[in-house]
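# Chain and residue survey
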Number of protein chains: 2
Amino acid sequence: MASGNHAPPIIVLVGPQMGENIGAAARVMKNFGLKELRLVSPRDGWPNPAAEAMAAGGADIIAAATLYDTTRDALADCHHIVAATARDRYMEKPVLTARELFADFGRNNIMSPKTAILFGCEKSGLSNEDVALAHAILSIPVSTEYGSLNLATAVGLVSYEWFQSEPPVRTDISDDHVAPQSELHGFFDALENALDERGFWKEPKKKPIMWRNIRALFLRSTPSSQEVRTLWGILKCLTIYRAEEKGE
Amino acid sequence: MASGNHAPPIIVLVGPQMGENIGAAARVMKNFGLKELRLVSPRDGWPNPAAEAMAAGGADIIAAATLYDTTRDALADCHHIVAATARDRYMEKPVLTARELFADFGRNNIMSPKTAILFGCEKSGLSNEDVALAHAILSIPVSTEYGSLNLATAVGLVSYEWFQSEPPVRTDISDDHVAPQSELHGFFDALENALDERGFWKEPKKKPIMWRNIRALFLRSTPSSQEVRTLWGILKCLTIYRAEEKGE
């Protein structure tokens, strides 16, 4: 049994509906040594007495939970994003079980200091836009007869698997090696603007999926802060050149 | 991922308090392919609308749940009993994690066709008398900071681990090889009577723990039906001899 030797993942609940589920999630996070809960637009506002009532020994996690307007804001300082989803998304991302995820946590250098795991709302799960923010998809194997997991159950299974996982091999990856998502998203915004301005999307209808695929490509490489600066440099260089070309 | 190839364990909730927890347990059992739920004296009676409301897709498990007055009755047809408990009981029984339990399920011939896993009530867990009925103790590793698992969470983790486990190596153990608990308990009753009659317990105060240890010894050997008959034979033989001796 490991735990603690490697930083636990941050749990991000996107649009959770029932306070009871938020509380139950905090309780089971506490049972398995997780510490940080982030909430994106919970349906019934925040704070929520129903969450506090269900949290039991996880009350401190509820008290310290932070609130965000958008999923992207909630992930700004994170390095590695995993989206928990049962549905097939047909995106170019690795799909892992919780056990596989945390095996990687220990074995490889892939996983980065601040890992966030996204869970969608009870009714419909994560939107495609939210899943597109992730490096990997987490899929919990369930019975074909009835696969709908309660939100807190899903958080609990992931927390349990983290607690069961082995501590990582020592790695030289540090916080400033892998870029936090805010840097990558800043680059994405600039790239999207540049492509918009230049009419890159031949068929505007197809932009959402094309843009998702482009971002997935960059996400997969988990660039360092230095590499994101390089990407900025490339973009700037290409767009300035283009501007000069136009100016001629 | 295995599941299905080997019979899922039966979940036995002893004295559960909240209908919501019974329902949530049924839901997560269904998520991971478990089928049979038994209830020993649920606090709020049965059926319980709160359980039905929380069961979602596990409604059929709630509808088919069976009710018992005593834990012993609930286990009568079972072959292998596992008690889920967080507290140290100082009993001579193997202590396993859920993962270890189901690894054995597959690897060894130890586990028998009908395995029941006992969970105690929310407030105080299983009594020592209930734990004494078990062959093994199941202990879920939790954080030292806050180890109190919600009842449905505990059932969920065990169900999940069963679903993740590998199917067993083929074995020749059949239903009539390992004795169902009713046969063993019948023998226990006769043995206890015989010992009572003969003043075996020098210090009556110590009887509960001594008797528990004696039963643990027989439980550990997981006797077959034939072996239980042999034990009966030995007991009969010894007691008749004693009666004749007395009669002389």
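Description of the structure in this document. Predicted model only: the values in this text are computed from it and were never measured. (Residues numbered from 1 in each chain as written. Chains lettered and ligands numbered in written order. Predicted model: local features only at pLDDT ≥ 70, side-chain atom pairs only at ≥ 80, totals over all residues. Heavy atoms only, no water.)

### Let's talk about the packing of helix H1 (residues 19–31) of chain B against helix H7 (residues 151–164) of chain B
Working note: a packed helix pair is described by the angle between its axes plus the distance between those axes. Residue and element names in this part refer to chain B. Put simply, the rule reads: Here the axes come from fitting lines to C-alpha atoms, over the contacting stretch only for helices, and the angles between their N-to-C directions go from 0 to 180 degrees. To qualify as a helix, a DSSP run of H or I must reach at least 4 residues; to qualify as a strand, a run of E must reach at least 2; elements of each kind are numbered from the N terminus. Comment on the angle field: the value is read as roughly parallel under 35 degrees, roughly antiparallel over 145, roughly perpendicular from 65 to 115, and oblique elsewhere. A crossing counts as left-handed when the near helix is turned anticlockwise from the far one by less than a right angle, and as right-handed when that turn is clockwise. Contact definition: two residues touch when any of their heavy atoms are within 4.5 Å. All residues other than Ala, Val, Leu, Ile, Met, Phe, Trp, Tyr, Cys, Pro, Asp, Glu, Lys and Arg, Gly among them, are scored as polar; the first ten of these are nonpolar and the last four charged.
Across the interface, H1 lies against H7 with an axial gap of 8 Å and an inter-helix angle of 15°. By the angle between their directions, the pair H1 and H7 is classed as roughly parallel. Crossing of H1 over H7 shows right-handed handedness. Note on element contacts: H7 touches H1 through Leu151, Ala152, Val155, Gly156 and Ser159, opposite Asn21, Ala24, Ala25, Val28 and Met29. A breakdown of the residues in the contact of H1 with H7 according to their chemical character gives seven nonpolar, three polar and no charged.

### Observations concerning the side chain of Arg212 of chain A
Keep this limit in mind: Exposed residues in this analysis have more than 50% of their type's maximum accessible area, buried residues have under 20%, and partly exposed residues fall in between, with area computed by a 1.4 Å probe over protein chains only.
With respect to the helices and strands, the residue Arg212 of chain A is situated in helix H9 (residues 207–220). On the basis of relative accessible area, Arg212 of chain A is assigned to the buried category, the value being 14%.

### Details of the nonpolar core
Rule in force here: Among buried residues, those of type Ala, Val, Leu, Ile, Met, Phe, Trp, Tyr and Cys that are joined through side-chain atoms within 4.5 Å constitute a nonpolar core.
Of all hydrophobic cores here, the largest spans 73 residues; its most connected members are Leu37 and Phe119 of chain A together with Leu37 and Phe119 of chain B. Not counting chain neighbours up to four residues away, the residues in contact with Phe119 of chain A comprise Ile11, Val12, Leu13, Val14, Ala84, Leu126, Leu151, Ala154, Val155 and Val158 of chain A.

### Here's the deal with the side chain of Thr97 of chain A
Residues and elements named next belong to chain A. Its location among the elements puts Thr97 in the loop between strand E5 (95–96) and helix H5 (98–107). Classification of Thr97 as buried rests on a relative accessible area of 15%. Thr97 has contacts with Leu138, Ser139 and Pro141, leaving out every residue within four places of it along the chain.

### Details of the relation of the copies chain B and chain A
As a reminder of what qualifies: Each copy is superposed on the other by least squares, with the fit set by C-alpha atoms of residues at a pLDDT of at least 70 in both.
Turning chain B through 180° and shifting it by 0.0 Å along the axis lays it on chain A, with an RMSD of 0.0 Å. Both chain copies can therefore be described as sitting about a two-fold axis.

### What about unusual backbone geometry?
Of the consecutive residues Trp46 of chain A and Pro47 of chain A, the connecting peptide bond is found in the cis state with omega at 0°. Residue position: Pro47 of chain A is located in the loop between strand E2 (37–40) and helix H2 (49–55). Phi at Ser41 of chain B is positive, roughly 40°, even though this residue is not glycine. Positionally, Ser41 of chain B belongs in the loop between strand E2 (37–40) and helix H2 (49–55). For Ser41 of chain B, a relative accessible area of 39% gives the class partly exposed.

### Looking at the packing of helix H7 (residues 151–164) of chain A against H7 of chain B
At their nearest, the axes of H7 of chain A and H7 of chain B sit 10 Å apart, and the two run at 70° to each other. Considered as vectors, H7 of chain A and H7 of chain B are oriented roughly perpendicular to each other. Crossing of H7 of chain A against H7 of chain B: the hand is right-handed. Contacts between H7 of chain A and H7 of chain B pair Gly156, Leu157, Tyr160 and Glu161 of chain A from the former with Gly156, Leu157, Tyr160 and Glu161 of chain B from the latter.

### A word on the interface of chain B and chain A
Note the threshold: Using a 1.4 Å probe, buried area is obtained as the accessible area two parts lose upon being combined, added over both of them. We define a salt bridge as a contact between a side-chain nitrogen of Lys or Arg and a carboxyl oxygen of Asp or Glu at a distance within 4 Å. For the purposes of these results, a polar contact is taken to be a pair of N or O atoms within 3.5 Å, where, inside protein, one atom must be able to donate a hydrogen and its partner to accept one; residues adjacent in sequence count only when each atom of the pair is a side-chain atom.
On the chain A side, the residues contacting the 30 residues of chain B number 30 residues. Note on chain B versus chain A: buried area summed over both sides is about 2,500 Å², and carbon and sulfur give 54% of it. Remark: the boundary between chain B and chain A carries six salt bridges. Here Lys30 of chain A ties to Glu145 of chain B by a salt bridge, and the two come within 3.0 Å at their closest N and O atoms. Remark: the boundary between chain B and chain A carries 18 residue pairs in polar contact (both at pLDDT 80 or more). Where the side of chain B that touches chain A is concerned, the elements lending two or more residues are H1, helix H5 (98–107) and H7 of chain B. For the side of chain B that touches chain A, the leading source of residues is H7 of chain B, giving seven residues. Residues of the side of chain B that touches chain A, tallied by class, amount to 13 nonpolar, 11 polar and six charged.

### Points about the pattern of salt bridges
Residue and element names in this part refer to chain A. Tallying each qualifying case throughout the model produces 32 salt bridges over all chains. With a closest N to O distance of 2.8 Å, Arg38 and Glu36 form a salt bridge. Owing to a relative accessible area of 3%, Arg38 belongs among the buried residues under this scheme. Overall, the relative accessible area of 31% leaves Glu36 in the partly exposed class.

### A look at helix H8 (residues 181–197) of chain A
All names here are of chain A. We count it as follows: To estimate how far a helix should extend, the number of its residues minus one is multiplied by 1.5 Å.
Taking 1.5 Å as the rise per residue, H8 with 17 residues should run 24 Å; its terminal C-alpha atoms sit 24 Å apart, in good agreement. For H8, the full list of buried residues reads Gln181, Leu184, His185, Phe187, Phe188, Ala190, Leu191, Ala194 and Leu195. The positive-phi residue at the C-terminal boundary of H8 is Gly199, with phi of around 60°.

### With respect to helix H9 (residues 207–220) of chain B
All names here are of chain B. Here H9 contains 14 residues, and its C-alpha end-to-end distance of 20 Å stays within 8% of the 20 Å for a straight helix at 1.5 Å per residue. Residues of H9 that are buried include every one of Lys207, Trp211, Arg212, Ile214, Arg215, Ala216, Phe218 and Leu219, and no others. The positive-phi residue at the C-terminal boundary of H9 is Thr222, with phi of around 35°.

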